[in-house]
Amino acid sequence: GPAVRTSMSCIGHARCEQSCYDTARAHREIVNTFLDDMHRPALPYKFKFKFSGCPNDCMNSVQRADMAVIGMWRDDMKVNQEEVKVFVNSRGRQYVIDNVISRCPTRCISLNNDDTLAVDNRNCVRCMHCINVMTKALKPGKDRGVTVLIGGKRTLKIGDLFGTVVVPFMKLDSEEDIEKLREIAQNTIDFFAENALEHERTGEMIDRIGLVNFLEGIGIDVDP
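Residues numbered from 1 in each chain as written. Predicted model: local features only at pLDDT ≥ 70, side-chain atom pairs only at ≥ 80, totals over all residues. Heavy atoms only, no water.

Colleague: Would you mind going over the overall build of the chain with me for this structure?
Modeller: When helices and strands are counted, the chain shows nine helices and nine strands. Along the first, second and third principal axes, the C-alpha atoms of the chain reach 60 × 35 × 30 Å. For the chain, buried positions account for 47% of its 224 residues. Of the roughly 11400 Å² that the chain leaves accessible, carbon and sulfur atoms contribute 47%. Here the chain holds 30 positive side-chain charges and 32 negative ones, and the gap between their average locations is 7 Å. (Helix = DSSP H or I, 4+ residues; strand = E, 2+ residues; numbered from the N terminus. Buried < 20%, exposed > 50% of the residue type's maximum accessible area, 1.4 Å probe, protein only. Areas by Shrake-Rupley, 256 points an atom, 1.4 Å probe, with all protein chains shown as cover. Lys, Arg positive; Asp, Glu negative; His and termini not counted. Charge placed at Lys NZ, Arg CZ, Asp CG, Glu CD.)

In structure tokens, the structure reads:
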């Protein structure tokens, strides 16, 4: 019904070495906060949360969740050059060029003559492909947190929508950080409840009223 739906999160810190934040904790905190909205439907239409530990987004949150919380890092990717050399020696330079270097969407990674990797971190878009292929050699950076996207959904009134980034990066380590996430979620649901039309998802409401008006409504400054 038109309620906050039971959320989903990936395995995160419990098992996954790529996880950038504690998905289970964030999931539990949000579910506990909005328990009343799950049991007593009072919204224009359904609202979904999803929590993915890293940009692989194993929960499909960008495409499916009204509010997606995705693990992210903002410093440089960690590169173990010795493991890079082992990988290149075992697979061959051509394999690495075909399956890692040439598949980087922003061409920010290159293979040096001595079989080490050079990474232009300013242009890295966190697609995770190179990390997934060279798991021992490459890892997310140390300065980890989350990116918050709002408005993803499947087909309803105006077709499929991806989530829109509203918070490019925030830490999610302390109780204060969790409280900030909870506040964003509460403001979003309150604004959605007051301004959405009947049977309209959050993404469609944003499309109708404009992103600037939505961000103003939930109290978030535009952060280029």
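Colleague: Would you mind showing me how to read the environment of Lys 157 here?
Modeller: Inspection of the secondary structure puts Lys 157 in the loop between strand E8 (144-150) and strand E9 (164-170). According to the relative accessible area criterion, Lys 157 is partly exposed, its value standing at 47%. Once residues within four sequence positions are removed from consideration, Lys 157 is found in contact with Glu 198, His 199, Glu 200 and Glu 204. Here the side chain of Lys 157 touches Glu 198 through a polar contact of 3.3 Å, landing on its backbone oxygen. (Contact = heavy atoms within 4.5 Å. Polar contact = N/O pair within 3.5 Å; in protein donor to acceptor, adjacent residues only side chain to side chain.)

Colleague: Can you help me understand the side chain of His 27 in this one?
Modeller: By the secondary structure assignment, His 27 is in helix H1 (residues 23-33). Setting aside its immediate chain neighbours within four residues, His 27 contacts Ser 7, Met 8, Ser 9 and Phe 51.

Colleague: Explain the sheet that holds strand E2 (residues 49-52) to me, please; I cannot follow it from the model alone.
Modeller: Remark on secondary structure: sheet strands pair via backbone hydrogen bonds, oriented parallel or antiparallel. Taken in spatial order, the five strands of this open sheet run E1-E2-E3-E8-E9, and their pairing is mixed. At either end of the open sheet lies a strand with only one pairing partner, and these are strand E1 (8-9) and E9. Here E8 runs beside E9; their pairing, made up of four bridges, is antiparallel. When the bridges of E9 are listed, Leu 149 appears paired with Val 165. Taken strand by strand, H1 contacts E1 and E2, and its axis lies near 165 degrees from that of E2. (Pairing = 2+ DSSP bridges. Axes fitted to C-alpha atoms, helices over the stretch in contact; angles between N-to-C directions.)

Colleague: Would you mind going over helix H7 (residues 175-195) with me for this structure?
Modeller: The periodicity of an α-helix, 3.6 residues per turn, causes residues three or four places apart in sequence to face the same way. Taking 1.5 Å per residue, 21 residues should reach 30 Å; H7 reaches 30 Å between its end C-alpha atoms and fits that length. Along H7, the positions that sit buried rather than exposed are Asp 177, Ile 178, Leu 181, Arg 182, Ile 184, Ala 185, Thr 188, Ile 189, Phe 191 and Phe 192. (Expected span 1.5 Å × (residues − 1).)

Colleague: When you look at the pairing of strand E3 (residues 67-73) in this model, what are you seeing that I'm missing?
Modeller: It is a general feature of regular strands that their side chains alternate between the two faces of the sheet. In terms of burial, E3 is a largely internal element, seven of the seven residues being buried. Across the two faces of E3 the burial is the same, with Met 67, Val 69, Gly 71 and Trp 73 and Ala 68, Ile 70 and Met 72 all buried. With four bridges connecting them, E2 and E3 associate as parallel partners. In the strand pairing of E3, Ser 52 is matched with Ile 70.

Colleague: I keep staring at the packing of H1 against H7 and nothing clicks. Help me out?
Modeller: The description of two helices packed together rests on the angle between their axes and the distance between the axes. At a minimum axis separation of 10 Å, H1 and H7 run at an interaxial angle of 50 degrees. Taken together, the axes of H1 and H7 lie oblique to each other. Classified by chirality, the crossing of H7 by H1 is right-handed. Between H1 and H7, the residues in contact are Arg 25, Ala 26, Glu 29, Ile 30 and Thr 33 and Glu 175, Ile 178, Leu 181, Arg 182, Ala 185 and Gln 186, respectively. (Parallel < 35°, antiparallel > 145°, perpendicular 65-115°, else oblique. Left-handed = near helix turned anticlockwise from the far one by under 90°.)

By themselves, these observations are geometric and do not establish any function.
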